[in-house]
Amino acid sequence: SSSSSSSSSPTMVVSATASRATFRAMCASTSSTSASTSKKVDTPPVVQPRAPIITRRDIVLGSALAVGAHTLGAPAAFAAPAKLSDIGTLGLGCWAWGNKLVFQYDESMDDELQRVFNRAVDGGIKLFDSADSYGKDGRSETLLGEFLRECPSAKKDGVILATKLAPYPWRVTSKSFVDAAKSSAKRLGREQIDLGQLHWSTGNYQPLQEGALWAGIADAYDEGVIGAVGLSNYGPKQLRKIHKYMTARGVPISTLQVQYSLLSRFPELNGTKETCDELGIKLIAYSPLALGLLTGKYSVSNPPPGLRGNAYKGVLPGLPTLLETMREVGDAHGGKTPAQVAINWCICKDTVPIPGAKNVRQLEDNLGATSFRLTEGEIDALDRAAEKVGVSVSQNIFQTA
């Protein structure tokens, strides 16, 4: 939120951009100082527990995990590591808000996109997901920043602006990644990015760059440029590696977003979901509608426009049977659309789906996905129907094992 920071005690001064690294060092220092001081007196002083230190990030995200050290003299201006605790049931993906190649974005769409944003906030959506690669010069981030500033909703303070930072070939040092995070924060109009994510791993093609990226996002977190750390397109093997590194740095990983839908079930089949559950990482499902294929509006005779049509032409022939099952399930819940069934399926799989929306009609369809819940029998029926399609949508080329 852009609102002023608060604390649990009027004597505390909390800085949203305070260095967490300094905090950890100070806590260690004050602990040793307290121990040595207590030896010099006959009766050790009574140490009253300090009140929890709550930062602006924790107020916005509803987190009660950023608790200051209870050691004597711990500085109130530094917040302990905390995970992002509540991102809502449904988010909004903003890839189309600036992308011309895949989604034919044009600036004439901006007024409608702003209406989408305002309605989404009023509708209870917290998480808005962008990336510094979405549109020319981070157009998607810029639009989100503008829309949030001008949003009239009383719920705007609860908005979580998330963005993904691309490991471009020229970002080969940790500093370059921290600088990228600062640029994104500026476009978003924030002092701190609520959720900063590594867009993909370079482990498949440039493993030497990976270390700098990991260090960079950890440094950005320590410096307060990023409020919570997330990942994208990491598989279970690489996820365990970065989790080990971040744990050693004292940096919690809050989220992992991967391509996940009825037509892309790899995360539940290759161990990604299981690993996230084990490590306490929330799974975010991007492309839950398979870039529109699960809305029911596309077919062999009416393929998606542009690159999507070429990329997914092999999936279209087997799609009718799955869509028929989705319509039957939707009818059993009062006429829910295939898109709503697809999104609800992701929710029932314990993920937070982030479908896109280019107009208010699409957004209303998304919001309608949270008003019911599939039964176990319906989930099984959808799973079986998805398997009969016989082919999945292609995975992101940067997805790692």
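To be clear, the structure that these remarks concern was listed above.
The rules behind these values
Residues numbered from 1 in each chain as written. Predicted model: local features only at pLDDT ≥ 70, side-chain atom pairs only at ≥ 80, totals over all residues. Heavy atoms only, no water. Core = buried A, V, L, I, M, F, W, Y, C linked by side-chain atoms within 4.5 Å. Buried < 20%, exposed > 50% of the residue type's maximum accessible area, 1.4 Å probe, protein only. Helix = DSSP H or I, 4+ residues; strand = E, 2+ residues; numbered from the N terminus. Salt bridge = Lys/Arg side-chain N within 4 Å of Asp/Glu carboxyl O. Contact = heavy atoms within 4.5 Å. 1 Å grid on protein atoms, 1.4 Å probe; cavity = no way out; pocket = protein on both sides within 12 Å on 5 of 7 lines; lining within 4 Å. Points joined across faces, edges and corners; volume = space filled by probe spheres on them.

Trainee: What should I look at first to understand the nonpolar core in this one?
Mentor: It is characteristic of soluble globular proteins that their nonpolar side chains tend to be buried jointly. One finds Leu92, Trp97, Phe128, Leu263, Leu293 and Leu322 to be the most contacted residues of the largest nonpolar core, which totals 91 residues. Examining the composition of this core, we find that eight residues originate from one element, helix H13 (residues 338-348), more than from any other. The next biggest cluster of nonpolar side chains, apart from the first, holds 11 residues, and it includes Leu84, Leu127, Ile160 and Ile354.

Trainee: Can you help me understand the pattern of salt bridges in this one?
Mentor: Opposite charge on two side chains allows them to pair when their charged atoms are near. Applying the stated criterion across every chain, the model contains 20 salt bridges. Residues Asp194 and Arg190 are paired through a salt bridge, measuring 2.5 Å at the closest nitrogen-oxygen approach. Judged by its relative accessible area of 5%, Asp194 falls in the buried class. Taking relative accessible area as the criterion, Arg190 reaches 10% and is therefore assigned buried. Its salt-bridge partner being Lys349, residue Glu268 comes within 3.6 Å of it at the nearest N-O pair. Within this pair, whereas Glu268 is found in helix H9 (residues 266-269), its partner Lys349 is found in the loop between H13 and strand S8 (352-353), the two being separated by 81 residues in sequence. On the accessibility criterion, Glu268 (26% relative accessible area) is partly exposed. Several salt bridges converge on common partners, so that one network encompasses Arg265, Glu268, Lys349, Asp383 and Glu387.

Trainee: Honestly, the side chain of Gln399 in this entry has me stumped. Any pointers?
Mentor: Inspection of the secondary structure puts Gln399 in the segment after helix H15 (376-389). Once residues lying within four places of it in the same chain are set aside, the contact partners of Gln399 are Asn204, Asn233, Tyr234, Gly235 and Val258.

Trainee: Any chance you could explain the layout of surface pockets here in plain terms?
Mentor: Unoccupied space between atoms shows up once a probe the size of one water molecule is rolled over them. The calculated volume of the largest pocket comes to roughly 1400 Å³. Contributing to the lining of the largest pocket are 50 residues, with Trp95, Val102, Phe103, Ser287 and Leu291 lying nearest its centre. The set of elements that each furnish at least two residues to the lining of the largest pocket consists of helix H3 (100-103), strand S6 (253-259), helix H11 (306-311), H13 and helix H14 (360-367). Take the lining of the largest pocket: its biggest share by element is four residues, from H14.

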